[in-house]
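Here's the letter readout for the chains.
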Amino acid sequence: MIRFVPRARTPLWLTLAVSVSAGLAALALTAIPLALTGAPVFTAFALMAQGAAGNGFALAETLTRATPLIFTGLAAAVAFRAKLWNIGAEGQLYAGALATVALGAGLIEAPSYVLVPLVLIGAALAGAVLLLVPVLFKTRFGADEVVVTLLLNFIVLLFVQMMLEGPMKDEMALGWPQSAPVLDEATLPKLVAGWRLHWGLVLAILAAVLLHVFITRTVWGFRLRAVGENARAARYAGLPVGKAMALVGLLSGGLAGLAGASEVAGLKGYLTADLSPGFGYAGIVVATLANLSPLGVIPAAIFVAGVFVGADSMSRAIGVSNYLADLVVAFALLSVLVGGLLTRFRIVFVRRGTA
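Report on the accompanying structure. Remember, predicted model here, so these are calculated numbers, not experimental data. (Residues numbered from 1 in each chain as written. Predicted model: local features only at pLDDT ≥ 70, side-chain atom pairs only at ≥ 80, totals over all residues. Heavy atoms only, no water.)

The secondary structure content of the chain amounts to 13 helices and 2 strands. Against the compact-globule benchmark of 20 Å for 355 residues, the chain has a radius of gyration of 22 Å, which places it among compact chains. Taken along the three principal axes of its C-alpha coordinates, the chain extends 80 × 60 × 30 Å. Within the span of the chain, comprising 355 residues, buried residues form 47% of the whole. For the chain, the exposed surface amounts to about 17,600 Å²; the carbon and sulfur share of it is 68%. In the chain, the 23 positive side-chain charges and the 15 negative ones have mean positions that sit 24 Å from each other. (Helix = DSSP H or I, 4+ residues; strand = E, 2+ residues; numbered from the N terminus. Rg over C-alpha atoms; globule rule 2.2 N^0.38 Å. Buried < 20%, exposed > 50% of the residue type's maximum accessible area, 1.4 Å probe, protein only. Areas by Shrake-Rupley, 256 points an atom, 1.4 Å probe, with all protein chains shown as cover. Lys, Arg positive; Asp, Glu negative; His and termini not counted. Charge placed at Lys NZ, Arg CZ, Asp CG, Glu CD.)

Here the focus is the packing of helix 11 (residues 279–289) against helix 13 (residues 324–344). Viewed as axis vectors pointing N to C, helix 11 and helix 13 meet at an angle of 40°, and their least axial separation amounts to 9 Å. In terms of orientation, helix 11 lies oblique with respect to helix 13. For the element pair helix 11 and helix 13, the recorded crossing hand is left-handed. Residues Val285, Thr288 and Leu289 of helix 11 form the contact with helix 13, whose participating residues are Val329, Ala332, Leu333, Val336 and Leu337. (Axes fitted to C-alpha atoms, helices over the stretch in contact; angles between N-to-C directions. Parallel < 35°, antiparallel > 145°, perpendicular 65-115°, else oblique. Left-handed = near helix turned anticlockwise from the far one by under 90°. Contact = heavy atoms within 4.5 Å.)

Okay, a nonpolar patch on the surface next. Together, Trp85, Val146, Val147, Leu150, Leu151, Phe154 and Tyr281 give the surface a local cluster of nonpolar side chains, amounting to about 600 Å² of exposed area. The topology assignment puts Val146 in helix 6 (residues 145–165). (Patch = residues over 30% accessible without salt bridge, like charges linked within 9 Å, V, L, I, M, F, W, Y side chains within 5 Å. Salt bridge = Lys/Arg side-chain N within 4 Å of Asp/Glu carboxyl O.)

Our next topic: the environment of Ala208. Note on placement: Ala208 falls in helix 7 (residues 200–217). Note on Ala208: relative accessible area 0%, which makes it buried. Dropping the residues within four chain positions of it, Ala208 is found in contact with Leu74, Pro294, Leu295 and Ile298.

We now examine the environment of Ala204. Structurally, Ala204 can be placed in helix 7. On a C-alpha basis, the gap between Ala204 and Ile70 in space is 6.1 Å, while along the polypeptide they are 134 residues apart. Residues within four places of Ala204 in sequence aside, it is in contact with Thr67, Ile70, Phe71 and Leu74.

Relative to the elements of secondary structure, Thr64 occurs in helix 3 (residues 56–81). Taking the relative accessible area as the measure of exposure, Thr64 reaches 2% and is therefore buried. Within the structure, Thr64 has its side chain in polar contact with the backbone oxygen of Ala60 (distance 2.7 Å). If we skip the residues at most four places from it in the chain, Thr64 touches Arg196, Leu197 and Leu267. (Polar contact = N/O pair within 3.5 Å; in protein donor to acceptor, adjacent residues only side chain to side chain.)

Between its first and last C-alpha atoms helix 1 (residues 12–36) spans 37 Å; for 25 residues at 1.5 Å apiece the expected length is 36 Å, and the two agree. Along helix 1, the residues classified as buried are Leu14, Thr15, Val18, Ala22, Gly23, Ala26, Thr30, Ala31 and Leu34. Contact partners of the buried residues in helix 1: helix 2 (41–53), helix 12 (294–318) and helix 13. In the segment just after helix 1, Gly38 is the residue with positive phi, at about 90°. (Expected span 1.5 Å × (residues − 1).)

The subject of this paragraph is the packing of helix 3 against helix 12. Packing of helix 3 against helix 12 brings their axes to within 7 Å, and their N-to-C directions diverge by 140°. What the angle tells us is that helix 3 and helix 12 run oblique. Helix 12 is crossed by helix 3, and the crossing has right-handed handedness. In contact with Glu61, Thr62, Leu63, Arg65, Ala66, Leu69, Ile70, Gly73, Leu74, Ala77 and Arg81 of helix 3, helix 12 contributes Pro294, Val297, Ile298, Ala301, Ile302, Val304, Ala305, Gly306, Phe308, Val309 and Asp312. Residues of the contact of helix 3 with helix 12, tallied by class, amount to 15 nonpolar, 3 polar and 4 charged. (Nonpolar A, V, L, I, M, F, W, Y, C, P; charged D, E, K, R; others polar.)

In this description, an aromatic ring pair is defined by two values, namely the gap between the centres and the angle between the planes. Counted according to the given criterion, the structure contains 3 aromatic pairs. For the ring pair Phe80 and Trp85, a centre distance of 5.1 Å and an interplane angle of 55° mean the geometry is tilted. One residue, Arg223, lies across the ring of Trp220, its end atom 4.5 Å from the ring centre. (Phe/Tyr/Trp six-rings, centres within 6.5 Å; stacked < 30°, edge-to-face > 60°. Lys NZ or Arg CZ within 6 Å of the ring centre and 35° of its normal.)

Looking now at the side chain of Thr30. The residue Thr30 is located in helix 1 in this model. Among the polar contacts listed, one links the side chain of Thr30 to the backbone oxygen of Ala26, at a separation of 2.6 Å. Filtering out sequence-adjacent residues up to four positions away, Thr30 remains in contact with Phe45, Leu324, Leu327, Val328 and Phe331.

So, about unusual backbone geometry. In this structure, Lys83 takes a positive phi of about 60° despite not being glycine. Structurally, Lys83 is set in the loop between helix 3 and helix 4 (89–104). Residue classification places Lys83 among the partly exposed residues on the basis of a relative accessible area of 38%. Within the chain, Leu292 stands out as a residue other than glycine whose phi angle is a positive 65°. As for its placement among the helices and strands, Leu292 is situated in the loop between helix 11 and helix 12.

When you tally the buried positions in helix 11, you get 9 out of 11 residues, the bulk of the element. Looking at the buried residues of helix 11, the elements they touch are helix 1, helix 3, helix 4, helix 10 (241–268), helix 12 and helix 13. Looking one or two places after helix 11, you find Asn291, whose phi comes out positive at around 60°.

Nothing here speaks to function; it is all geometry.
Written out as structure tokens, the structure is:
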């Protein structure tokens, strides 16, 4: 008979082993339907790896794709640690992008060392305020934040479309619904001339490090973790649960808002309704793959981004659908969830009839 015994402490090596094994298991499981289509399995995976990191340009594209995923992964990780189920990072991303355009497209004229921080702060505040509403509904009225944040995604996107067809529409875009471009002074500089990789990546990594320090080394980080473990016990111990949840909402929404700022100010230069291909939802997958670790979000985001960038390259080379990337990510997520049992519990074999 098999029994699952809770672990008092999960070793770091086991957490890393489960994450690596999940990635390998995802590739192995993906190879089955890939082989059934008649495609060369090893060639396809080799082309994916080459397309994701085969040269400097490919690696830069992967890191560019990973930048918003790090922000949204951090947003999901900090919220889920406190048992705040934020499914609205997509809407918070668009709120941040909208604030970036509102502040950086000519409303304020200032040098870059003033305008860039102002745009980033405005984007973070827009995302934070958007999530603060569901948090208040949850703490004051017991509303389900999953439903509220999910529905807010559609409301925000419709509002963005309305703004792009109305007050924020660029008259020089030949009728295409997009915003006016942000000023050069509001643009995040490129890390490498001629490539799309920008300073948003540095900000995302810095945010991950700071969030890790905040969670593991500060009093409010301890309160956040305590509320996530058991909100009732935390309230009984005298911890300010309501304030802790509000802080979590501000952090999570702000990080998602920064994802929108990085895409507009660092990559595209303007806002469109299709700015995000689902970065907010993919951030949940990234956070889960990282086991809600802020530092773990960085390699998890690079892995997910590499899968999608590599799949696009592989698709063009051998004609296999790039939807294969969705399959890899889905299998990786399922593998991590199954592997989570090993990190939380020890498997003990007990003979029948013994206690």
